[in-house]
Structures are given as C-alpha cells and as structure tokens.
Amino acid sequence: MTIARRSILKSAAAATLLALASLPSFAAEVAGVKFDDTITVNGATLKLNGAGLRTKVIFKVYALGLYLTEKKSTVADILAAEGPRRVKIVVLRELTSEEFGKAFMAGLNDNTDQAERARLVPQTKQFGEMFAMFPALKKGDVLTVDWIPGTGSQVMLNGKAVGGALPDVAFFNAILRIWLGDKPVDSSLKPQLLGEK
C-alpha cells in the first residue's frame, strides 16, 4: 500500500469517527422510537432511567421514556428524586383527547387514595382542561411532562407549552404512579422504566 493511499484511508477513518461522534447518543429504541441517552431540562442534564412500550390488547399505544438527574431503580427513589424530571411520550396510534383523558384518570385513580385525589382536584382539573385544548393526539406526536423545581409540572406537545405550570410535586408524582404505582396501566412497562431489562 502506498503512503498516499494509507494517508487517504486514515483520513477517511478519522472523518467517519468524527461524524459518528457528532450524532446523538441513543440509549434505547422502543417500537422504532429513539430515546436520547441524555437531555437538558431547565439547564440540568437528565439521564434516561428507562423506556418501554405501552400496549393495550394487541395495539401499540405509545413509547414512554423517564428521565432523571441520576438513575434510580426503585419507585420510592424516583418519587423522592431531587431536581428536574421528565416523562416523554411518543404516540404510536391516534388517540382522541377523551380517550387519553379517560386513561389518565383511570391510572391516577388506581394509584392514589381518596384523600390524595381530593387534595389534587384543582390540578387534575387543570390538567384535564389542557387536553381539551386539542381534539386528538396523532401518531408521532411527542408529549412531555417536566417537573421543574420552583415552577411545577409543565406539559408540552410537540415542543409547545400547553397551559400553565401545575405547582405541586405531589401531582407530578401522581402522574408517575400511573406507570410506576402498585396498579400500573401496563405491568410490563413498569420494570422497563425502572431500568430493568
């Protein structure tokens, strides 16, 4: 091999490595949805704790990823986690806002007691009103719910804020328990969000 050819091959290999290094790092792929290894929320770097697929009967409903400042493996540690947190939902089939709202309320009711539900009524109502702002979630839509200390829970649809912030961390934790509680909406999704394989 000539020196010129060796030099060209080395340059090509270096360029390939550089191109690969500049691509985002995906920690998980769920039903074709790629979840970044890290994201930034309110200036803090969050790590993907786990990701999985929500199914209903035989239908793929959405892919969901949970981001925390540090990886946690128990529900108690996740609910007590300091700093920002994010739930990212990528819709895999069209859902009316009514379907999504009913599923949300069922998951919330199954994983909170009566006293907690009563305490969270104002925020639950506000959350429901947010979903009434659009008729449906379409395949490919990205819904995020961020917990930002000092601000509250902020809902975003395709990168745009929906409604105002919900101030109580207990409400954000009630949302998390839809998937992580004692009666999760999908029992196969819970261990995946806890980072179990």
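Everything here concerns the structure above.
Remember, predicted model here, so these are calculated numbers, not experimental data.

Quick look at the side chain of Arg 86
With respect to the helices and strands, the residue Arg 86 is situated in strand β6 (residues 85-91). At 2.5 Å, the side chain of Arg 86 forms a polar contact with the side chain of Asp 146. With residues up to four places along the chain from it excluded, the contact list for Arg 86 reads Ile 39, Val 41, Leu 46, Gly 65, Leu 66, Tyr 67, Thr 144, Val 145 and Asp 146.

Examining the sheet that holds β6
With respect to topology, seven strands assemble into an open sheet ordered β3-β4-β5-β6-β9-β10-β11, the strand pairing being antiparallel. Taken across any chain shown, the strands that pair with only one partner, and hence form the sheet edges, are β3 (38-41) and β11 (160-166). The mean angle between the axes of side-by-side strands here comes to 25°, regardless of whether they run parallel or antiparallel. Here strand β10 (residues 152-157) runs beside β11; their pairing, made up of four bridges, is antiparallel. Opposite Met 156, over in β11, you have Ala 161 as the bridge partner. In the packing of helix α5 (residues 121-131) onto the sheet, contacts are made with β9 (142-148), β10 and β11, and the angle to β11 comes to roughly 170°. Sitting on the sheet, helix α6 (residues 169-180) touches β5 (59-68), β6, β9, β10 and β11, and the angle it makes with β6 is about 45°.

What about the pattern of salt bridges?
Per the counting criterion, the structure on display carries four salt bridges. Two residues, Glu 98 and Lys 102, come together in a salt bridge whose shortest N-O distance is 3.4 Å. Note that Glu 98 and Lys 102 are positioned in helix α3 (residues 97-110) at a spacing of four residues, about one turn of the helix. Residue Arg 177 is joined to Glu 116 by a salt bridge in which the shortest nitrogen-to-oxygen separation is 2.6 Å. Here Arg 177 is found in helix α6, whereas its partner Glu 116 is found in helix α4 (residues 114-119), with 61 residues between them in sequence. Neither Arg 177 nor Glu 116 differs from the other in exposure class; each is buried.

Examining the side chain of Arg 54
Relative to the elements of secondary structure, Arg 54 occurs in strand β4 (residues 44-56). It turns out Arg 54 is buried and unbridged, and the closest side chain with the opposite charge, Asp 186, is 4.1 Å from it. Here Val 185 takes part through its backbone oxygen, which lies 3.5 Å from a polar atom of the side chain of Arg 54. Dropping the residues within four chain positions of it, Arg 54 is found in contact with Phe 59, Lys 60, Val 61, Tyr 62, Val 185, Asp 186 and Leu 189.

The rules behind the values
- Residues numbered from 1 in each chain as written.
- Predicted model: local features only at pLDDT ≥ 70, side-chain atom pairs only at ≥ 80, totals over all residues.
- Heavy atoms only, no water.
- Helix = DSSP H or I, 4+ residues; strand = E, 2+ residues; numbered from the N terminus.
- Polar contact = N/O pair within 3.5 Å; in protein donor to acceptor, adjacent residues only side chain to side chain.
- Contact = heavy atoms within 4.5 Å.
- Pairing = 2+ DSSP bridges.
- Axes fitted to C-alpha atoms, helices over the stretch in contact; angles between N-to-C directions.
- Salt bridge = Lys/Arg side-chain N within 4 Å of Asp/Glu carboxyl O.
- Buried < 20%, exposed > 50% of the residue type's maximum accessible area, 1.4 Å probe, protein only.
- Lys, Arg positive; Asp, Glu negative; His and termini not counted.

On their own, these measurements won't tell you what the molecule is for.
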